[in-house]
Amino acid sequence: MDENKLFKSLWDLLVPPSGKAETAQGEVIRIAGRVQHEFLDNGCTNWDDDFRKMLDTFLKYVQLGNSELKVSQVCLGCMGYGDPQKGMHSWTLPLEPSLEILKMAIENGINFFDTAMGYQGGTSEKYLGEAIRRYAKRQDVIVATKFHGRTKEHLQQGISARAHITDCLNGSLQRLGLDYVDLYILHAWDYNTPIEETLEVLHELIASGKIRYIGISNCFAWQLAKANEIAKAHGWETFISVQGHYNLIFREEEREMAPYCQAHQITMTPYSALAAGRLSRLVNASTTKRLKEDSYAMGKYDASANADEKIINIVNQIAQQRNVSMTEVALAWLMHKGCVPIAGATKIEQLEGLIKACDLELTEEEITNLEALYVPHQLVGVMAANK
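What you are looking at is a predicted structure, and each value in this text was computed from that prediction instead of being measured. (Residues numbered from 1 in each chain as written. Predicted model: local features only at pLDDT ≥ 70, side-chain atom pairs only at ≥ 80, totals over all residues. Heavy atoms only, no water.)

Chemist: Which parts of the structure should I look at to understand the sheet that holds strand S10 (residues 342-343)?
Modeler: Taken in spatial order, the eight strands of this open sheet run S9-S8-S7-S6-S5-S4-S3-S10, and their pairing is parallel. Two strands lie at the open edges of the sheet, namely strand S9 (267-268) and S10, each paired on one side alone. Two elements, strand S3 (residues 75-77) and strand S4 (residues 112-114), share two bridges in a ladder whose sense is parallel. Bridge pairing in S4 links Gly 77 to Asp 114. Running over the sheet, helix H7 (residues 161-176) touches strand S5 (142-147), strand S6 (181-186) and strand S7 (211-217) and is turned about 135° from S6. (Pairing = 2+ DSSP bridges. Helix = DSSP H or I, 4+ residues; strand = E, 2+ residues; numbered from the N terminus. Contact = heavy atoms within 4.5 Å. Axes fitted to C-alpha atoms, helices over the stretch in contact; angles between N-to-C directions.)

Chemist: In this structure, what is going on with the environment of Phe 250? I would like to understand it.
Modeler: Take Phe 250: it is sitting in the loop between strand S8 (239-243) and helix H10 (257-263). Residue class for Phe 250 comes out buried when judged on its relative accessible area of 5%. Sequence spacing of Phe 250 and Pro 376 is 126 residues, and the spatial spacing of their C-alpha atoms is 8.2 Å. Every residue in contact with Phe 250, bar those within four places of it in the chain, is listed here: His 245, Tyr 374, His 377, Gln 378, Leu 379 and Val 380. (Buried < 20%, exposed > 50% of the residue type's maximum accessible area, 1.4 Å probe, protein only.)

Chemist: Would you explain unusual backbone geometry in this entry?
Modeler: A negative phi angle characterises most non-glycine residues, just as the trans form characterises most peptide bonds. A positive phi angle is found at Gln 120, which is not glycine, with a value near 50°. The backbone of Asn 323 sits at a positive phi, close to 55°, despite the residue not being glycine. Considering the arrangement of structural elements, one finds Asn 323 in the loop between helix H13 (305-322) and helix H14 (326-336). When its relative accessible area of 72% is taken as the criterion, Asn 323 is described as exposed.

Chemist: Teacher, can you tell me more about the packing of aromatic side chains here?
Modeler: Describing an aromatic ring pair means giving the distance of the ring centres and the angle of the ring planes. By the definition in use, this model includes three aromatic pairs. With a centroid separation of 4.6 Å and 20° between ring planes, the pair formed by Phe 147 and Tyr 184 is classed as stacked. Within this pair, whereas Phe 147 is found in strand S5, its partner Tyr 184 is found in strand S6, the two being separated by 37 residues in sequence. Relative to Trp 222, the ring of Trp 189 has its centre 6.4 Å away and its plane inclined at 50°; by these criteria the two rings are tilted. Pair noted here: Trp 189 is in the loop between S6 and helix H8 (195-207) and Trp 222 is in helix H9 (residues 221-234), with a separation of 33 residues, a long-range link. When its relative accessible area of 10% is taken as the criterion, Trp 189 is described as buried. The residue whose ring lies beneath Lys 103 is Tyr 135, and the NZ or CZ to ring-centre distance is 5.8 Å. The ring of Tyr 180 is capped by Arg 138, whose NZ or CZ atom sits 4.1 Å from the centre of that ring. (Phe/Tyr/Trp six-rings, centres within 6.5 Å; stacked < 30°, edge-to-face > 60°. Lys NZ or Arg CZ within 6 Å of the ring centre and 35° of its normal.)

Set out below in C-alpha coordinates:
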(Lines give C-alpha, C1' and ligand atoms only; values in the text may rest on other atoms or scores of the structure.)
Protein backbone atom coordinates (compact mmCIF):
# COMPACT_ATOMS: atom_id res chain seq x y z
CA MET A 1 0.00 0.00 0.00
CA ASP A 2 1.15 3.55 -0.78
CA GLU A 3 2.11 4.99 2.61
CA ASN A 4 2.02 8.56 1.28
CA LYS A 5 -1.58 8.16 0.21
CA LEU A 6 -2.44 6.61 3.56
CA PHE A 7 -0.73 9.47 5.38
CA LYS A 8 -2.71 12.02 3.36
CA SER A 9 -6.00 10.23 3.94
CA LEU A 10 -5.39 10.16 7.69
CA TRP A 11 -4.44 13.84 7.71
CA ASP A 12 -7.62 14.71 5.83
CA LEU A 13 -9.57 12.65 8.34
CA LEU A 14 -8.19 14.48 11.35
CA VAL A 15 -7.62 18.02 10.07
CA PRO A 16 -10.38 19.72 8.04
CA PRO A 17 -9.42 21.58 4.84
CA SER A 18 -9.61 24.90 6.70
CA GLY A 19 -6.69 23.76 8.80
CA LYS A 20 -8.71 24.20 11.98
CA ALA A 21 -8.03 21.27 14.31
CA GLU A 22 -11.37 20.63 15.99
CA THR A 23 -11.15 17.01 17.11
CA ALA A 24 -10.91 16.55 20.86
CA GLN A 25 -7.82 14.91 22.30
CA GLY A 26 -9.70 11.85 23.56
CA GLU A 27 -11.33 11.32 20.18
CA VAL A 28 -7.97 11.60 18.42
CA ILE A 29 -6.43 9.02 20.73
CA ARG A 30 -9.28 6.67 19.80
CA ILE A 31 -8.77 7.37 16.11
CA ALA A 32 -5.02 6.96 16.46
CA GLY A 33 -5.48 3.41 17.69
CA ARG A 34 -7.71 2.61 14.74
CA VAL A 35 -5.28 4.28 12.36
CA GLN A 36 -2.34 2.32 13.73
CA HIS A 37 -4.23 -0.92 13.15
CA GLU A 38 -4.90 0.20 9.59
CA PHE A 39 -1.20 0.73 9.05
CA LEU A 40 -0.39 -2.73 10.39
CA ASP A 41 -3.23 -4.40 8.51
CA ASN A 42 -1.85 -2.99 5.27
CA GLY A 43 1.70 -4.12 5.97
CA CYS A 44 3.08 -0.65 6.68
CA THR A 45 6.01 -0.59 9.08
CA ASN A 46 7.18 3.02 8.79
CA TRP A 47 4.91 4.78 11.27
CA ASP A 48 5.75 8.44 10.80
CA ASP A 49 7.12 9.93 14.04
CA ASP A 50 5.85 13.44 13.44
CA PHE A 51 2.37 12.21 12.54
CA ARG A 52 2.21 10.00 15.62
CA LYS A 53 3.35 12.93 17.73
CA MET A 54 0.61 15.09 16.25
CA LEU A 55 -1.97 12.46 17.16
CA ASP A 56 -0.68 12.12 20.71
CA THR A 57 -0.67 15.86 21.38
CA PHE A 58 -3.86 16.97 19.66
CA LEU A 59 -5.74 19.86 21.27
CA LYS A 60 -8.75 21.82 20.21
CA TYR A 61 -8.01 25.03 18.31
CA VAL A 62 -10.44 27.91 18.09
CA GLN A 63 -10.72 31.16 16.20
CA LEU A 64 -9.70 34.24 18.16
CA GLY A 65 -12.44 36.82 17.71
CA ASN A 66 -13.06 37.63 14.05
CA SER A 67 -9.39 37.18 13.16
CA GLU A 68 -7.56 34.52 11.20
CA LEU A 69 -5.70 33.41 14.32
CA LYS A 70 -6.29 29.79 15.36
CA VAL A 71 -5.28 29.33 18.98
CA SER A 72 -5.18 26.45 21.42
CA GLN A 73 -8.21 26.38 23.68
CA VAL A 74 -6.02 27.38 26.59
CA CYS A 75 -3.37 30.10 26.57
CA LEU A 76 -0.21 29.69 28.63
CA GLY A 77 0.26 32.80 30.73
CA CYS A 78 3.91 33.73 31.07
CA MET A 79 3.78 36.02 34.10
CA GLY A 80 5.39 33.23 36.13
CA TYR A 81 8.49 33.16 33.93
CA GLY A 82 11.12 35.82 34.52
CA ASP A 83 13.95 36.89 36.75
CA PRO A 84 12.54 36.96 40.34
CA GLN A 85 14.98 39.77 41.15
CA LYS A 86 13.64 42.12 38.47
CA GLY A 87 9.93 42.57 39.06
CA MET A 88 7.04 42.74 41.49
CA HIS A 89 6.87 38.96 41.98
CA SER A 90 9.36 36.92 44.03
CA TRP A 91 7.92 33.53 43.03
CA THR A 92 8.71 33.53 39.29
CA LEU A 93 10.92 30.92 37.62
CA PRO A 94 14.42 31.65 36.31
CA LEU A 95 15.37 30.86 32.71
CA GLU A 96 16.05 27.12 32.57
CA PRO A 97 12.99 25.96 34.58
CA SER A 98 10.87 28.34 32.51
CA LEU A 99 12.20 26.89 29.27
CA GLU A 100 11.45 23.36 30.45
CA ILE A 101 7.77 24.18 30.91
CA LEU A 102 7.52 26.26 27.74
CA LYS A 103 9.10 23.41 25.76
CA MET A 104 6.58 20.92 27.12
CA ALA A 105 3.72 23.27 26.32
CA ILE A 106 4.85 23.63 22.71
CA GLU A 107 5.37 19.88 22.36
CA ASN A 108 1.85 19.25 23.65
CA GLY A 109 0.09 21.50 21.20
CA ILE A 110 -0.29 24.76 23.12
CA ASN A 111 0.41 27.48 20.57
CA PHE A 112 -0.92 30.60 22.35
CA PHE A 113 1.35 32.46 24.78
CA ASP A 114 0.61 35.66 26.72
CA THR A 115 3.27 37.92 28.23
CA ALA A 116 3.79 41.64 28.83
CA MET A 117 6.49 44.29 28.79
CA GLY A 118 5.87 44.79 32.50
CA TYR A 119 6.37 41.20 33.60
CA GLN A 120 9.55 40.95 35.67
CA GLY A 121 11.23 43.89 34.02
CA GLY A 122 10.76 42.47 30.53
CA THR A 123 12.54 39.18 31.30
CA SER A 124 9.30 37.23 30.75
CA GLU A 125 9.34 38.37 27.13
CA LYS A 126 13.01 37.38 26.85
CA TYR A 127 12.35 33.89 28.19
CA LEU A 128 9.39 33.34 25.86
CA GLY A 129 11.41 34.52 22.87
CA GLU A 130 14.21 32.14 23.76
CA ALA A 131 11.77 29.24 24.00
CA ILE A 132 10.35 30.02 20.56
CA ARG A 133 13.83 30.13 19.03
CA ARG A 134 14.78 26.81 20.59
CA TYR A 135 11.61 24.78 20.30
CA ALA A 136 9.19 26.19 17.73
CA LYS A 137 8.76 27.64 14.27
CA ARG A 138 7.65 31.26 14.43
CA GLN A 139 4.61 30.68 12.23
CA ASP A 140 3.38 27.91 14.52
CA VAL A 141 2.94 30.03 17.64
CA ILE A 142 0.64 32.91 18.53
CA VAL A 143 2.42 35.50 20.66
CA ALA A 144 0.52 38.09 22.67
CA THR A 145 2.21 40.81 24.66
CA LYS A 146 0.92 43.89 26.42
CA PHE A 147 1.87 47.55 26.76
CA HIS A 148 0.84 50.10 29.36
CA GLY A 149 -0.56 53.54 28.70
CA ARG A 150 1.17 56.82 29.29
CA THR A 151 1.76 57.98 32.84
CA LYS A 152 1.49 61.54 34.15
CA GLU A 153 5.28 61.66 33.99
CA HIS A 154 5.14 60.85 30.28
CA LEU A 155 2.72 63.72 29.78
CA GLN A 156 4.92 66.13 31.72
CA GLN A 157 7.86 65.12 29.56
CA GLY A 158 5.87 65.80 26.40
CA ILE A 159 6.01 62.21 25.16
CA SER A 160 3.31 61.68 22.54
CA ALA A 161 1.08 58.62 22.35
CA ARG A 162 2.71 57.71 19.05
CA ALA A 163 6.23 57.85 20.49
CA HIS A 164 5.22 55.97 23.63
CA ILE A 165 3.38 53.08 21.96
CA THR A 166 6.01 52.74 19.23
CA ASP A 167 8.80 52.62 21.80
CA CYS A 168 6.89 50.04 23.87
CA LEU A 169 6.37 47.81 20.84
CA ASN A 170 9.94 48.08 19.61
CA GLY A 171 11.20 47.23 23.09
CA SER A 172 8.98 44.16 23.28
CA LEU A 173 10.03 42.99 19.83
CA GLN A 174 13.67 43.37 20.79
CA ARG A 175 13.24 41.38 24.01
CA LEU A 176 11.20 38.70 22.26
CA GLY A 177 13.63 38.57 19.35
CA LEU A 178 10.72 38.73 16.89
CA ASP A 179 9.80 40.85 13.88
CA TYR A 180 6.11 41.04 14.80
CA VAL A 181 3.60 40.07 17.47
CA ASP A 182 0.33 38.36 16.67
CA LEU A 183 -1.71 40.16 19.31
CA TYR A 184 -0.74 43.50 20.88
CA ILE A 185 -2.78 44.32 23.97
CA LEU A 186 -3.39 47.59 25.79
CA HIS A 187 -2.77 46.40 29.37
CA ALA A 188 -5.40 48.69 30.89
CA TRP A 189 -7.60 51.55 29.71
CA ASP A 190 -5.40 54.61 29.28
CA TYR A 191 -7.11 57.50 31.03
CA ASN A 192 -4.28 59.85 30.03
CA THR A 193 -4.69 59.41 26.27
CA PRO A 194 -7.77 59.82 24.06
CA ILE A 195 -8.63 56.37 22.72
CA GLU A 196 -8.68 57.85 19.19
CA GLU A 197 -4.95 58.53 19.45
CA THR A 198 -4.18 55.04 20.70
CA LEU A 199 -6.23 53.38 17.98
CA GLU A 200 -4.68 55.48 15.22
CA VAL A 201 -1.16 54.58 16.31
CA LEU A 202 -2.06 50.89 16.56
CA HIS A 203 -3.55 51.08 13.05
CA GLU A 204 -0.28 52.48 11.72
CA LEU A 205 1.74 49.78 13.46
CA ILE A 206 -0.49 47.09 11.98
CA ALA A 207 0.09 48.61 8.55
CA SER A 208 3.84 48.47 9.22
CA GLY A 209 3.65 44.70 9.75
CA LYS A 210 4.82 44.76 13.37
CA ILE A 211 1.38 43.84 14.74
CA ARG A 212 -1.23 41.47 13.32
CA TYR A 213 -4.17 42.14 15.65
CA ILE A 214 -4.96 44.19 18.75
CA GLY A 215 -6.67 43.45 22.07
CA ILE A 216 -7.38 45.20 25.34
CA SER A 217 -7.26 44.30 29.02
CA ASN A 218 -8.74 45.68 32.24
CA CYS A 219 -11.55 47.83 30.88
CA PHE A 220 -15.30 48.18 31.20
CA ALA A 221 -17.69 46.96 28.51
CA TRP A 222 -18.71 50.53 27.63
CA GLN A 223 -15.06 51.42 27.05
CA LEU A 224 -14.52 48.47 24.72
CA ALA A 225 -17.72 49.30 22.85
CA LYS A 226 -16.71 52.96 22.53
CA ALA A 227 -13.24 52.07 21.27
CA ASN A 228 -14.45 49.64 18.63
CA GLU A 229 -17.15 51.97 17.33
CA ILE A 230 -14.57 54.76 16.99
CA ALA A 231 -12.24 52.39 15.17
CA LYS A 232 -14.98 51.33 12.76
CA ALA A 233 -15.89 54.95 12.04
CA HIS A 234 -12.28 55.69 11.03
CA GLY A 235 -11.70 52.46 9.13
CA TRP A 236 -9.19 51.26 11.72
CA GLU A 237 -8.78 47.82 13.22
CA THR A 238 -10.90 46.91 16.25
CA PHE A 239 -9.99 45.06 19.42
CA ILE A 240 -10.59 41.34 18.76
CA SER A 241 -10.11 40.15 22.34
CA VAL A 242 -10.48 41.37 25.89
CA GLN A 243 -8.42 40.14 28.82
CA GLY A 244 -10.31 40.63 32.05
CA HIS A 245 -10.51 39.18 35.56
CA TYR A 246 -12.91 36.23 35.27
CA ASN A 247 -13.10 32.84 36.96
CA LEU A 248 -15.47 30.70 39.02
CA ILE A 249 -15.04 32.82 42.13
CA PHE A 250 -15.04 36.21 40.36
CA ARG A 251 -17.79 36.45 37.75
CA GLU A 252 -18.49 40.17 37.53
CA GLU A 253 -17.62 40.13 33.81
CA GLU A 254 -20.91 38.32 33.19
CA ARG A 255 -22.91 41.49 33.86
CA GLU A 256 -22.03 43.42 30.69
CA MET A 257 -18.71 42.32 29.20
CA ALA A 258 -19.63 38.72 28.39
CA PRO A 259 -22.90 39.46 26.56
CA TYR A 260 -21.29 42.33 24.66
CA CYS A 261 -18.42 40.11 23.50
CA GLN A 262 -20.76 37.31 22.49
CA ALA A 263 -22.84 39.70 20.42
CA HIS A 264 -19.81 41.17 18.64
CA GLN A 265 -17.57 38.11 18.15
CA ILE A 266 -14.90 39.31 20.57
CA THR A 267 -13.05 36.56 22.42
CA MET A 268 -12.70 36.79 26.18
CA THR A 269 -9.26 35.60 27.29
CA PRO A 270 -9.58 35.77 31.09
CA TYR A 271 -6.54 36.21 33.29
CA SER A 272 -6.45 34.74 36.81
CA ALA A 273 -8.43 31.82 35.36
CA LEU A 274 -7.47 29.72 38.39
CA ALA A 275 -7.68 32.62 40.87
CA ALA A 276 -3.91 32.55 41.41
CA GLY A 277 -4.06 28.83 42.26
CA ARG A 278 -7.05 28.99 44.59
CA LEU A 279 -9.23 26.99 42.22
CA SER A 280 -6.65 24.23 41.82
CA ARG A 281 -6.55 23.02 45.44
CA LEU A 282 -8.61 22.95 48.61
CA VAL A 283 -8.16 25.85 51.00
CA ASN A 284 -6.36 23.75 53.63
CA ALA A 285 -4.30 21.75 51.15
CA SER A 286 -0.55 22.12 50.67
CA THR A 287 0.43 25.64 49.72
CA THR A 288 2.79 26.99 47.06
CA LYS A 289 5.44 29.66 46.95
CA ARG A 290 3.05 31.91 45.04
CA LEU A 291 0.18 31.45 47.50
CA LYS A 292 2.51 32.42 50.32
CA GLU A 293 4.21 35.36 48.63
CA ASP A 294 1.78 36.86 46.09
CA SER A 295 0.49 39.82 48.10
CA TYR A 296 -1.25 41.26 45.04
CA ALA A 297 -3.42 38.13 44.67
CA MET A 298 -4.12 38.18 48.40
CA GLY A 299 -5.52 41.66 47.95
CA LYS A 300 -7.90 40.34 45.30
CA TYR A 301 -9.16 37.22 47.03
CA ASP A 302 -8.70 37.32 50.81
CA ALA A 303 -11.73 39.51 51.52
CA SER A 304 -14.13 37.04 49.85
CA ALA A 305 -12.34 33.86 50.97
CA ASN A 306 -15.20 32.47 53.07
CA ALA A 307 -17.77 32.74 50.28
CA ASP A 308 -15.30 31.53 47.67
CA GLU A 309 -14.37 28.43 49.68
CA LYS A 310 -17.87 27.02 49.16
CA ILE A 311 -17.39 27.14 45.40
CA ILE A 312 -13.87 25.74 45.65
CA ASN A 313 -15.32 22.76 47.52
CA ILE A 314 -17.82 22.16 44.70
CA VAL A 315 -14.94 22.22 42.20
CA ASN A 316 -13.19 19.57 44.29
CA GLN A 317 -16.31 17.40 44.52
CA ILE A 318 -16.79 17.39 40.75
CA ALA A 319 -13.08 16.73 40.20
CA GLN A 320 -13.25 13.68 42.44
CA GLN A 321 -16.42 12.41 40.77
CA ARG A 322 -14.88 12.77 37.29
CA ASN A 323 -11.41 11.56 38.37
CA VAL A 324 -9.78 14.75 37.10
CA SER A 325 -7.95 17.64 38.73
CA MET A 326 -9.60 20.76 40.10
CA THR A 327 -7.62 22.72 37.50
CA GLU A 328 -9.35 20.81 34.72
CA VAL A 329 -12.79 21.55 36.13
CA ALA A 330 -12.14 25.27 36.64
CA LEU A 331 -10.72 25.75 33.14
CA ALA A 332 -13.36 23.55 31.48
CA TRP A 333 -16.02 25.84 33.00
CA LEU A 334 -14.42 28.89 31.34
CA MET A 335 -14.17 27.04 28.02
CA HIS A 336 -17.86 26.17 28.35
CA LYS A 337 -18.46 29.92 28.56
CA GLY A 338 -16.72 30.40 25.21
CA CYS A 339 -13.51 31.78 26.70
CA VAL A 340 -9.88 31.04 25.92
CA PRO A 341 -8.55 31.13 29.49
CA ILE A 342 -5.05 32.30 30.29
CA ALA A 343 -3.48 30.10 32.94
CA GLY A 344 0.05 29.89 34.23
CA ALA A 345 2.10 26.87 35.22
CA THR A 346 5.31 26.85 37.22
CA LYS A 347 5.33 23.06 37.64
CA ILE A 348 5.03 20.24 35.12
CA GLU A 349 1.96 18.79 36.82
CA GLN A 350 0.27 22.19 36.61
CA LEU A 351 0.88 22.30 32.88
CA GLU A 352 -0.53 18.80 32.51
CA GLY A 353 -3.75 20.05 34.08
CA LEU A 354 -3.99 22.84 31.51
CA ILE A 355 -3.57 20.39 28.65
CA LYS A 356 -6.08 17.86 29.99
CA ALA A 357 -8.67 20.56 30.60
CA CYS A 358 -9.15 20.88 26.84
CA ASP A 359 -10.64 17.39 26.77
CA LEU A 360 -13.10 17.79 29.66
CA GLU A 361 -16.73 18.61 28.94
CA LEU A 362 -18.87 19.43 31.95
CA THR A 363 -22.52 18.43 32.15
CA GLU A 364 -25.28 20.99 32.52
CA GLU A 365 -25.88 19.73 36.06
CA GLU A 366 -22.22 20.27 36.91
CA ILE A 367 -22.32 23.78 35.46
CA THR A 368 -25.39 24.59 37.53
CA ASN A 369 -23.77 23.29 40.72
CA LEU A 370 -20.58 25.27 40.08
CA GLU A 371 -22.50 28.50 39.59
CA ALA A 372 -25.20 28.16 42.25
CA LEU A 373 -23.29 29.53 45.25
CA TYR A 374 -21.74 32.62 43.68
CA VAL A 375 -22.40 35.95 45.38
CA PRO A 376 -21.63 39.41 43.95
CA HIS A 377 -18.09 40.67 44.53
CA GLN A 378 -16.59 44.13 44.77
CA LEU A 379 -14.21 45.08 41.99
CA VAL A 380 -10.61 44.29 42.89
CA GLY A 381 -7.14 44.75 41.46
CA VAL A 382 -6.71 47.06 38.49
CA MET A 383 -10.44 47.42 37.91
CA ALA A 384 -11.00 48.68 41.46
CA ALA A 385 -8.77 51.62 40.60
CA ASN A 386 -10.64 52.17 37.33
CA LYS A 387 -14.16 52.50 38.74
